[in-house]
Amino acid sequence: MTAALPLARNLRSWRFLTRVLALALVCTALVVPTLPFTRTGAKILAVIDITGSMNVRDYARDGLPESRLDRAKIALRQLVAGLPCGSRVALGLFTERRPFLLFEPIETCGDFAPLDGALASLDWRMAWEGDSRVAAGLYRAIDMASGLGTDLVFVTDGQESPPLPGGEPPVFEGKPGAVRGLIVGAGGYALSPIPRYDDRGREKGFYGEADVPQENRFGPPPADAETREGYNPRNAPFGSAAAQGTEHLSSVREPYLKRLAAATGLAYAHLDGPGDLEGPVRAAATPRPLPGSLDPRPFLGGVALALVLVTLGAGKAADLRRRLPRRLSPSESL
């Protein structure tokens with residue numbers, strides 16, 4: 001009966017019961033298996049436009065101008081960082097009339113450092129041609145995504161250079177919706193000047209009206225050709241006067257990009273803030289189940305450690321209170 005008294009007191013002590021619980025959690029952590037579960041990820045080919053108009057600085061960050069290309073790079077880096085582990089991302093560049101694949105799909109967590117570094121290192125100087133045939137590049141990017149078995153995220157401002165003959169894009173010969181994905185329109189809605197660079201990559205002002213083709217004069221002449229000054233059906237089917245326009249200025253060509261999206265079965269989203277891509281990409285991409293596992297042992301061990309530390313801290317506090325001199329009450333001091 002005497003031995004039962006300490007046991008009874010311990011059973012009423014919260015510190016004793018807390019330590020027993022901590023021991024039980026440690027024992028459980030030694031034998032508990034990992035728990036399987038499935039989450040939804042993505043498999044994406046990201047193609048980014050690096051043509052000259054993507055250097056237009058019509059965004060701002062921290063009070064400073066920011067180019068479309070830099071904003072797109074930041075947005076893609078945040079998108080990759082937010083994808084669940086097991087998702088896979090491939091990266092390509094677009095210039096002239098076709099995309100160029102930098103690498104095939106790699107896992108976003110295990111290969112995050114090289115993937116993030118590749119996105120951060122993208123530069124307009126990687127372009128091999130100055131033209132920007134957006135529709136042709138988009139159609140080929142769709143074919144590339146189909147070959148890789150991925151969805152597509154195509155980032156561009158939509159400015160065709162030189163302009164399309166008659167303003168009409170080439171016909172999409174694929175099956176609309178066969179490849180899912182998103183066209184991302186980069187840039188502001190107001191016209192802005194396009195920076196110009198010399199052969200050493202140093203900025204030297206902006207393009208003027210005479211520096212950029214304002215009209216595509218290949219193929220048949222437009223419907224209003226006969227009304228133009230100097231029109232001659234044989235020698236001057238487009239007229240004799242130089243074409244005028246605003247092709248030396250740039251804005252996001254949103255109606256045109258939405259038209260391409262409708263023709264190809266892709267979704268469209270405008271790029272505003274750096275974190276704008278995650279929601280539209282998740283909505284447009286194919287949900288892909290990713291098998292995974294959850295290891296509860298670190299959690300169980302951490303809770304057990306916290307319980308032990310609480311009991312030790314409470315014991316130290318009680319010892320400290322016992323060692324402090326007891327303050328006499330007014331009646332005891334008389």
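Residues numbered from 1 in each chain as written. Predicted model: local features only at pLDDT ≥ 70, side-chain atom pairs only at ≥ 80, totals over all residues. Heavy atoms only, no water.

Let us now look at the state of the cysteines. Applying the stated rule across the entire model yields 1 disulfide. With its sulfur 1.9 Å from that of its partner, Cys 85 forms a disulfide with Cys 109. With the S-S bond torsion at -85°, the cross-link from Cys 85 to Cys 109 turns out left-handed. In this pair, Cys 85 sits in the loop between helix H3 (68–82) and strand E5 (88–95) while Cys 109 sits in the loop between strand E6 (98–107) and helix H4 (112–120), placing the two residues 24 residues apart along the sequence. For Cys 85, a relative accessible area of 33% corresponds to the partly exposed category. Residue Cys 109 is classed as partly exposed on the basis of its relative accessible area, which comes to 34%. (Disulfide = S-S within 2.5 Å. Helix = DSSP H or I, 4+ residues; strand = E, 2+ residues; numbered from the N terminus. Buried < 20%, exposed > 50% of the residue type's maximum accessible area, 1.4 Å probe, protein only.)

Pairing in this open sheet of 6 strands is mixed, and the strands run E6-E5-E2-E7-E8-E13 from one edge to the other. Two strands bound the open sheet, and with one partner strand each, they are E6 and strand E13 (267–271). Strand-to-strand twist in this sheet, taken as the mean axis angle between neighbours without regard to direction, amounts to 20°. Direction of pairing for strand E8 (residues 181–186) relative to E13: parallel, over a ladder of 5 bridges. Looking across to E13, one finds that Ala 186 is bridged to Leu 271. Of the strands in this sheet, strand E2 (43–49), E5, strand E7 (151–156), E8 and E13 are in contact with H3, which crosses E2 at around 170°. Relative to the sheet, H4 contacts E5 and E6, its axis offset from that of E6 by approximately 155°. (Pairing = 2+ DSSP bridges. Axes fitted to C-alpha atoms, helices over the stretch in contact; angles between N-to-C directions. Contact = heavy atoms within 4.5 Å.)

What follows concerns the confidence of the model for the protein. Summing up the model confidence of the protein, the mean pLDDT is 85 and the portion of residues at 70 or higher is 82%. Predicted confidence in the protein is weakest over helix H1 (residues 4–12), with a mean pLDDT of 57, and strongest over E7, with 98. (pLDDT = per-residue confidence, 0-100.)

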